[in-house]
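Structural overview for review
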Amino acid sequence: MGAAMRRIQAGNVLSAFGLGFTVPYLYVYVAQVRNLGAGTAGVVLAVFAMAALVVLPFTGRAIDRRGPLPVLVGAALLAAVGALGMGLAGSVPTVVLAAALLGAGTAVMQPALATMIVWCSSTSTRTRAFAVQFFLQNLGLGIGGLIGGQLVDESRPDSFLLLFSIEAAMFLVLAAIAATVRMPRTPSIADARPQTEGGGVRALLGHRAMVQLCVLGFVLFFACYGQFESGLAAYGTEAAGIEPSALGLALAANTAVIVVAQFLVLRFVERRRRTRMIAAVGLIWTVAWLFAGYAGLGHGSQTMATAAFITTYGLFGLGEAMLSPTVAPLVADLAPESMVGQYNSAFALVKQLALAVGPAVGGPMGAALHGPYIVTFVLFSLGITVLALRLGKKLTPAQDHPYLVAKSRVVARHKPEQAVEAAV
């Protein structure tokens, strides 16, 4: 990695580290520590998610017009204010406002960081750059959550103020690091501004491959991330009788598989067609949901049910490790040069929608409709495979299999040299 990429990845892990400190404890903090009630805590979590849905439609155009660097710095400062405000908030209006600022700031960071990675990488290095980003995000979230869990004390509100202050400091450090990055290209793109109002959106919606990728992305995030802390957790406790401590072990297994497997599968993944790897993830997640079905519906021992449930989360982690060097680089390779920010923001918006709809649908089903819940998400996982294979028919070889194309170019470049040597 070059100096710019190293700083971008350092900022990426710092933002994840800060989020890991506080996000798992937002509900407890609002409902119990500040004594604002479960209803207010639910509103805060909803505002945190809705703020992202509000700002993301405008983020892409700002990135393409102004460049990702000032957008990232502004988002980090906004998130820092939100985090510190959350730690100091003691009333419903202040805690809701802080959640809105924090949610908006952290949401804008994602496409800004992704666009910076695109600008600082080539088609041959982009796959690994996004794999490193995903690895560092999970590492930062895991370490932040682990340390945060040791610091929090429900009987001491000051311990939560410390957490939110550390989170705010991480965002300020991210802004400082980002401000020192020297991008390898000018952040102002001459043809970024569409000729007519809304032309960028129309161009994106007219790109069939991108639309299909967004549909596929929604199903991916809905069937996996949207179920982790809602539907699947409810199903595990209600149908399988999983203890809360076992849920923690399952999430730890998911993170551990990602950290261990990320670079083990990278070489295998980057040498194959992207859409076929996504299709394989659909099959892996189908098996994961079958393990979950056994845990809750198999009527085995509690030990076997717990082991099957943890295996479910581990298989999800394996699929995530295969997706990270595949989906994000594909979004970048589909985007015209002047619309990289808008494409990244559109995909981030799709992800956010899936994360909002997923718990709303999966939570009640996982808690009460155990059999239909498993069948539904087995079908969604198989749908991932079908959608990925259909998407592959819309992509060029350079978009679907960049490794093979790059290798062919190297061979073609060396052939004339070999011919000269043979003639001599």
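In the block above lies the structure referred to throughout.
Criteria and thresholds
Residues numbered from 1 in each chain as written. Predicted model: local features only at pLDDT ≥ 70, side-chain atom pairs only at ≥ 80, totals over all residues. Heavy atoms only, no water. Salt bridge = Lys/Arg side-chain N within 4 Å of Asp/Glu carboxyl O. Helix = DSSP H or I, 4+ residues; strand = E, 2+ residues; numbered from the N terminus. Buried < 20%, exposed > 50% of the residue type's maximum accessible area, 1.4 Å probe, protein only. Patch = residues over 30% accessible without salt bridge, like charges linked within 9 Å, V, L, I, M, F, W, Y side chains within 5 Å. Areas by Shrake-Rupley, 256 points an atom, 1.4 Å probe, with all protein chains shown as cover. Phe/Tyr/Trp six-rings, centres within 6.5 Å; stacked < 30°, edge-to-face > 60°. Contact = heavy atoms within 4.5 Å.

**Re the pattern of salt bridges**
Across all of its chains, the model carries four salt bridges by this definition. Residues Asp 333 and Arg 126 are paired through a salt bridge, measuring 2.7 Å at the closest nitrogen-oxygen approach. Here Asp 333, found in helix H14 (residues 327-334), pairs with Arg 126, found in helix H6 (residues 126-151); they are 207 residues apart in sequence, far enough to count as distant. The burial state of Asp 333 is the same as that of Arg 126; both residues are buried. For Arg 274, the salt bridge goes to Asp 333, with nearest N and O atoms at 2.8 Å. In this pair, Arg 274 is assigned in helix H12 (residues 274-297) and Asp 333 in helix H14, connecting sequence segments 59 residues apart. Asp 333 shares its class with Arg 274; the two are buried. Salt bridges sharing partners connect three or more residues here, namely Arg 126, Arg 274 and Asp 333.

**A word on a nonpolar patch on the surface**
A grouping of Ile 143, Leu 146, Ile 147, Leu 151 and Leu 162 is seen on the molecular surface, where their side chains present a nonpolar patch of about 410 Å² in accessible area. Ranked by residues supplied to the nonpolar patch, first place goes to H6 with four residues. Counting through the fold element by element, Leu 151 comes out in helix H6. Accessibility expressed as a relative area gives 32% for Leu 151, which makes it partly exposed.

**Digging into the packing of aromatic side chains**
The final tally for this structure, using the stated rule, is 15 aromatic pairs. Grouped by ring-pair contacts, the aromatic residues Phe 218, Phe 222, Tyr 235, Trp 285, Trp 289, Phe 316, Tyr 373, Phe 377 and Phe 380 constitute a single cluster.

**So, the side chain of Thr 312**
Positionally, Thr 312 belongs in helix H13 (residues 302-323). For Thr 312, a relative accessible area of 0% puts it in the buried group. Ignoring any residue separated from it by four or fewer positions in sequence, one finds Thr 312 in contact with Leu 232, Ala 288, Phe 291 and Ala 292.

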